[in-house]
Amino acid sequence: MANHKGGVGKTGTVQGIVTAAAEAGHRVLAVDMDAQGNLTRRLRARLPEAPEDRAAASLASVLQRPALGELGRILVPCGYDDPVYRDRITVAPAHLDLELLSLTAGAAASEKRLLRAMQGVVENFDLVVIDCPPNLLSHQIDIAWSAADFLILPCEPGYDSVEAARRIHERVERDRHTLNPDLTIAGIIVNRFRPNLRIHQRRETDILNIRGEEHVCPVRIHELVALKNQEELAQPLRADRIDGVKAADQFRDVYAWVTKRINALMEGTA
Ligand SMILES: Nc1ncnc2c1ncn2[C@@H]1O[C@H](COP(=O)(O)OP(=O)(O)OP(=O)(O)O)[C@@H](O)[C@H]1O
Ligand SMILES: [Mg+2]
């Protein structure tokens, strides 16, 4: 999940998609590649109580110099009470030390570290979703994109967000052959949409024009209180009393589109 612009709903979309996947009976791994650790907190993944022990139990320590399959060492369950989520969503938690990875960017094949750490681990899941930080050219992005098959770009119907999504598209086109020849943009998801706003309708057209209409999820994620609340409440969307069911249903439909699209891309029929 990537976009060069911050705050466009990358983490919220990861949360919505992994909870929808769990509700569909799928086993899903959520990898938090962002030093902010927002996904880790919103999925209530537990790190050790003692602050000095937390980095060692996080993705930051795995990525220093990973053995094959080392990701398995730090995986923790989602902390929601409902077993639908707790038993099916596993989290690779983040720590602030992920920021320090950039210091080792010059080491040979350092961008392949997540790919290496994931070997033999990801086979246990139906879906792996990586939450990226809001960068374009950082070492963290190189690590995440080297390990991914597909990129999904959440995008607000706003000028800066559209331009940022366009820059992601341009970088994938330019660097794919050196970074990860398999990397494909699976699609763009329009988030925080307010259908009655003329400016949102105009920016929606801009989003459709980035790569063509077939690349944009037809389900719009609306501006919803339940999605705003996630930052504070960190709970399954359906549990939000205001419009949680509406938010969860929108993500159920987004997840259905994402799986259909990815399957079509894998089969070469998209
Ligand atoms: N559809 C929505 N309706 C209402 N609030 C939303 C919606 N999507 C996201 N938000 C809110 O916007 C803020 C940013 O969302 P989020 O953290 O998912 O963005 P992000 O792209 O991951 O940010 P960052 O770039 O910092 O990682 C959060 O407070 C979130 O609750
Ligand atoms: Mg985020």
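It should be noted that the structure appears before, not after, this text.
This write-up is about the structure you can find in this document. Note that this is a predicted model, so its numbers are computed, not measured.

## Here's the deal with the packing of aromatic side chains
Next, step 1: Enumeration over the complete set of coordinates arrives at one aromatic pair.
Next, step 2: Their ring planes at 80° and their centres at 5.9 Å tell us that Y80 and Y85 sit as a pair that is edge-to-face. Grouping residues by exposure puts Y80 and Y85 together as buried.
Next, step 3: Sitting over the ring of F193, R220 keeps its end group 5.9 Å from the ring centre.

## Observations regarding the sheet that holds strand β1 (residues 28–32)
Next, step 1: If you trace the four strands from one edge of the open sheet to the other, you get β2-β3-β1-β4, paired in mixed fashion. The sheet terminates laterally at β2 (76–77) and β4 (127–131), the two strands that pair on one side only.
Next, step 2: Looking at chain direction, β2 and strand β3 (residues 89–92) are connected through two bridges and run antiparallel. The partner of V76 across the bridge, within β3, is V91.

## Let's talk about the pairing of strand β5 (residues 150–155)
Next, step 1: Of all six residues in β5, six are buried, a share of seventy percent or more.
Next, step 2: What you see with β5 is no split at all: F150, I152 and P154 on one side and L151, L153 and C155 on the other are buried throughout.
Next, step 3: Pairing between β5 and strand β6 (residues 184–190): six bridges, direction parallel. Bridge assignment links I152 to a residue of β6, and that residue is G187.
Next, step 4: In the classification by handedness, the crossover that spans β5, the intervening helix α8 (residues 159–179) and the parallel β6 is right-handed.

## Brief notes about the site of ligand 1
Next, step 1: Around ligand 1 sit 20 residues, and of these K10, G12, R42, L227 and E231 come closest.
Next, step 2: Within the backbone of V8, a nitrogen or oxygen atom sits 3.0 Å from an oxygen atom of ligand 1.
Next, step 3: Protein contacts shield 92% of the accessible area of ligand 1, which totals 630 Å² for the unbound molecule.
Next, step 4: Judged by its atoms lying within 2 Å of the grid points, ligand 1 is housed in the second largest pocket.
Next, step 5: Sorting the residues of the shell around ligand 1 by element identifies α1 (10–23) and α10 (225–233) as the ones contributing at least two each.
Next, step 6: A per-class count over the shell around ligand 1 returns five nonpolar, eight polar and seven charged.

## Considerations on empty space enclosed by the protein
Next, step 1: Under the counting rule described, the total for this entry stands at one cavity of 30 Å³ or more.
Next, step 2: What lines the largest cavity is simply G16, T19, A20, E23, L237, A248, F251 and R252.
Next, step 3: For the lining of the largest cavity, the elements supplying multiple residues, two or more each, are α1 and α11 (244–267).
Next, step 4: Sort the elements by how many residues they give to the lining of the largest cavity and α1 lands first, with four residues.
Next, step 5: Across the lining of the largest cavity, the residue classes break down as four nonpolar, two polar and two charged.

## Thoughts on the packing of helix α7 (residues 139–147) against α8
Next, step 1: In the contact formed by α7 and α8, the axes pass within 12 Å of each other and the chain directions differ by 70°. Our classification of the angle between α7 and α8 gives roughly perpendicular. Crossing angle aside, the handedness with which α7 passes α8 is right-handed. In this structure, α7 uses I141, D142, W145 and S146 to contact α8, whose residues at the interface are I168, R171, V172 and L179.
Next, step 2: Taken together, the residues that form the contact of α7 with α8 break down as five nonpolar, one polar and two charged.

Rules used throughout
Residues numbered from 1 in each chain as written. Chains lettered and ligands numbered in written order. Predicted model: local features only at pLDDT ≥ 70, side-chain atom pairs only at ≥ 80, totals over all residues. Heavy atoms only, no water. Phe/Tyr/Trp six-rings, centres within 6.5 Å; stacked < 30°, edge-to-face > 60°. Buried < 20%, exposed > 50% of the residue type's maximum accessible area, 1.4 Å probe, protein only. Lys NZ or Arg CZ within 6 Å of the ring centre and 35° of its normal. Pairing = 2+ DSSP bridges. Helix = DSSP H or I, 4+ residues; strand = E, 2+ residues; numbered from the N terminus. Right-handed = clockwise from strand over helix to strand, strands pointing away. Near = heavy atom within 4 Å. Polar contact = N/O pair within 3.5 Å; in protein donor to acceptor, adjacent residues only side chain to side chain. Areas by Shrake-Rupley, 256 points an atom, 1.4 Å probe, with all protein chains shown as cover. 1 Å grid on protein atoms, 1.4 Å probe; cavity = no way out; pocket = protein on both sides within 12 Å on 5 of 7 lines; lining within 4 Å. Sits in = over half its atoms within 2 Å of the grid points. Nonpolar A, V, L, I, M, F, W, Y, C, P; charged D, E, K, R; others polar. Points joined across faces, edges and corners; volume = space filled by probe spheres on them. Axes fitted to C-alpha atoms, helices over the stretch in contact; angles between N-to-C directions. Parallel < 35°, antiparallel > 145°, perpendicular 65-115°, else oblique. Left-handed = near helix turned anticlockwise from the far one by under 90°. Contact = heavy atoms within 4.5 Å.

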